[in-house]
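Results of the structural survey
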Amino acid sequence: MQQVSPGGAVPDSLVEVRGLVKRYGTKTAVDGLDLVVRAGTVTAVLGPNGAGKTTTVETCEGYRRPDAGTVRVLGLDPVADAARLRPRIGVMLQSGGVYSGARADEMLRHMARLHAHPLDVDTLIERLGLGSCGRTTYRRLSGGQQQRLALALAVVGRPELVFLDEPTAGLDPQARRSTWELVRELRADGVGTVLTTHFMDEAETLADDVVIIDAGRVIAQGSPEELCRGGAENTLRFTGRPALDLGSLLKALPDGTAAAELTPGVYRISGGIDPQLLATVAAWCAQHGVMADGISVERRTLEDVFLELTGKELRP
Ligand code: ATP
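Residues numbered from 1 in each chain as written. Predicted model: local features only at pLDDT ≥ 70, side-chain atom pairs only at ≥ 80, totals over all residues. Heavy atoms only, no water.

The name an unreviewed UniProt entry gives the chain is ABC-type xenobiotic transporter, with Streptomyces corynorhini as the organism. Looking at the chain in UniProt, the text filed under Sequence similarities (unreviewed entry) is "Belongs to the ABC transporter superfamily. Drug exporter-1 (DrugE1) (TC 3.A.1.105) family." Word for word, the UniProt comment on the chain under Subcellular location (unreviewed entry) is "Cell membrane". (UniProt positions renumbered as here; feature names shortened; annotations may be inferred.)

On to the domain arrangement of the chain, then. Taken domain by domain, the chain comprises domain 1 (13–228) and domain 2 (235–298). Inter-centroid distance (C-alpha atoms) of domain 1 to domain 2 is 40 Å. (Domains from an automatic or database assignment.)

Read from one edge to the other, the open sheet built from three strands follows the order β2-β1-β4, with strand pairing classed as antiparallel. Single-partner strands in this sheet number two, and they are β2 (27–38) and β4 (68–73). Shown here is a sheet whose adjacent strand axes are inclined to one another by a mean of 15°, direction ignored. Judged from the nine bridges that link them, strand β1 (residues 13–24) and β2 form a sheet pairing that is antiparallel. Paired with S13 across the two strands is R38, which belongs to β2. Packing of helix α1 (residues 53–60) onto the sheet brings it into contact with β1, β2 and β4, and relative to β1 it is tilted by some 125°. (Pairing = 2+ DSSP bridges. Helix = DSSP H or I, 4+ residues; strand = E, 2+ residues; numbered from the N terminus. Axes fitted to C-alpha atoms, helices over the stretch in contact; angles between N-to-C directions. Contact = heavy atoms within 4.5 Å.)

It is worth spelling out the site of the ligand at this point. With respect to spatial proximity, the complete set of residues near the ligand consists of Y24, K27, A29, P48, N49, G50, A51, G52, K53, T54, T55 and H198. Here an oxygen atom of the ligand sits 2.5 Å away from a polar atom, N or O, in the side chain of T54. Within the side chain of T55, a nitrogen or oxygen atom sits 2.6 Å from an oxygen atom of the ligand. Protein burial of the ligand: of its 630 Å² of free accessible surface, 61% is covered by the chains. For the shell around the ligand, the secondary structure elements donating two or more residues are β2 and α1. With three residues, α1 is the single largest residue contributor to the shell around the ligand. Partitioned by chemical class, the residues of the shell around the ligand number four nonpolar, six polar and two charged. (Near = heavy atom within 4 Å. Polar contact = N/O pair within 3.5 Å; in protein donor to acceptor, adjacent residues only side chain to side chain. Areas by Shrake-Rupley, 256 points an atom, 1.4 Å probe, with all protein chains shown as cover. Nonpolar A, V, L, I, M, F, W, Y, C, P; charged D, E, K, R; others polar.)

Rendered as structure tokens:
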């Protein structure tokens, strides 16, 4: 991941946030956050509930004013230069911002007319599987159809930068796949994407850069590979009763092995996983009357990294 340098601009950066602070009364929602999004890349912003993701993204979109720090989007101030910025960015809203009595196809065609070089509306409707609901009013669309329409509205104007908030929440597997394909095509066209998601596989599959935030601060950033490479390659996982004596378990294991209780009753052993270590863990469990459910050896995933860093499971 490209870092924000203390001096000049980062080449090709579409978003540059430096030292962003945002407070709601006495609550500091964002606490000195830096973020860079480059052209032709997907940046996934991950964090537990209340971490400050929406506040950060809404500040970039110009819906909130920073209390401190600077935010530049396409080189512009998102609040002061909103009129110049809006036609150049696409924003996928979770809900709202849409007149619920309008028909899906009318909304898309109207949005397309507001832009100089829009995508072909019929192709987009086809691509996102919205063909059957063109004449249906927004309020009568299913939740998944509303999601796909929101995505279509965000991209139809051929934006240079698009903000996607939970784009696949509530979608069936096929619609999820079409959404991923569309995001990949945007990237290939040089569009920058800021993706907030609670799906770790989505971030792992789509993101070039991942930014993990907690309590309003960036606690880790890098490509999915970089973040997952941080620890041992393989981990051993099992589920047992909560609060096992991990000190006792570690005494039975070779030096350099680490053990953690990720969430109550979910354990991860890392460092030098081999058949002997697997056998030792199983034997220790047997000696201590622990039924090790789902014992498995796995590659370290983004979800592991997230759990280690935040101690919280990433759930909507
Ligand atoms: P989630 O994953 O649940 O959507 P998030 O990471 O998007 O969370 P934010 O919505 O940015 O988090 O909220 C960050 C913090 O700021 C939370 O503690 C939240 O309660 C608080 N907050 C957000 N909006 C407001 C507001 N309008 N007024 C007061 N507090 C707010």
